[in-house]
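Spelled out, the chains give:
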Amino acid sequence: MFLSRFVGRTALLAAAKSEISSVAAASNPLEQFFEAERNPEDQKPVYGRSWKASELRLKSWDDLHKLWYVLLKEKNMLMTQRQMLQAQNLRFPNPERIPKVRKSMCRIKQVLTERAIEDPDPRRSAEMKRMINAL
């Protein structure tokens with residue numbers, strides 16, 4: 001009985017500590033604009049390619065919307081990092097990432113515009129085009 005209480009309490013305590021540390025890590029929203037620190041001995045990370053329009057055509061409206069904001073956040077993080085490094089006269093480590101993000105964002109707009117044009121309802125099509133242009 002005592003052992004089960006002890007194990008239960010330690011598990012609960014460990015879960016509470018991990019929750020507190022995750023909340024503390026996410027407490028400053030400005031940290032989202034900076035890439036996580038890496039050990040210099042680690043090998044250079046490999047970044048992916050931009051999204052193809054054919055891949056994006058298979059995604060739903062909601063998925064494209066979420067992907068747009070993920071890419072927007074990534075773009076903001078990269079631009080912040082580049083600006084910070086330029087102010088210190090340092091070289092931006094991966095300049096090829098910014099065009100990949102921009103291409104993906106342009107392709108999302110292209111796919112959404114194609115869907116708006118194909119919509120048979122002119123009012124809905126015009127509303128979709130206004131929303132896409134506001135992105």
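Shown above is the structure to which this text applies.
Since the structure is predicted, the reported quantities are computational estimates derived from the model, not experimental observations.

Cut-offs used in this document
Residues numbered from 1 in each chain as written. Predicted model: local features only at pLDDT ≥ 70, side-chain atom pairs only at ≥ 80, totals over all residues. Heavy atoms only, no water. Salt bridge = Lys/Arg side-chain N within 4 Å of Asp/Glu carboxyl O. Helix = DSSP H or I, 4+ residues; strand = E, 2+ residues; numbered from the N terminus. Buried < 20%, exposed > 50% of the residue type's maximum accessible area, 1.4 Å probe, protein only. Expected span 1.5 Å × (residues − 1). Arc of directions from axis to C-beta. Contact = heavy atoms within 4.5 Å.

Student: Any chance you could explain the pattern of salt bridges here in plain terms?
Tutor: Side chains that differ in sign of charge can pair as their charged atoms come close. Inspection of the entire model under this criterion finds four salt bridges. Between Glu 74 and Arg 97 there is a salt bridge whose closest N-O contact spans 2.4 Å. Here Glu 74 is found in helix α3 (residues 61-87), whereas its partner Arg 97 is found in helix α4 (residues 97-118), with 23 residues between them in sequence. Of the residues examined, Arg 97 reaches a relative accessible area of 7% and is grouped as buried. The residue Asp 119 makes a salt bridge to Arg 124 at a minimum N-O spacing of 3.6 Å.

Student: Is there a simple way to think about helix α5 (residues 122-134) in this case?
Tutor: Helical geometry: 3.6 residues make up each α-helical turn, so side chains three or four residues apart lie on a common side. Look at α5: 18 Å from first C-alpha to last across 13 residues, which is about the 18 Å you get at 1.5 Å a residue. Listed as buried for α5 are Ser 125, Met 128 and Ile 132. Take α5 and look down its axis: the buried residues cluster within an arc of 65°, on one side only. Exposed residues lying more than 90 degrees from the buried face of α5 are Arg 123, Arg 130, Asn 133 and Ala 134. In this fold, the buried residues of α5 make contact with α3 and α4.

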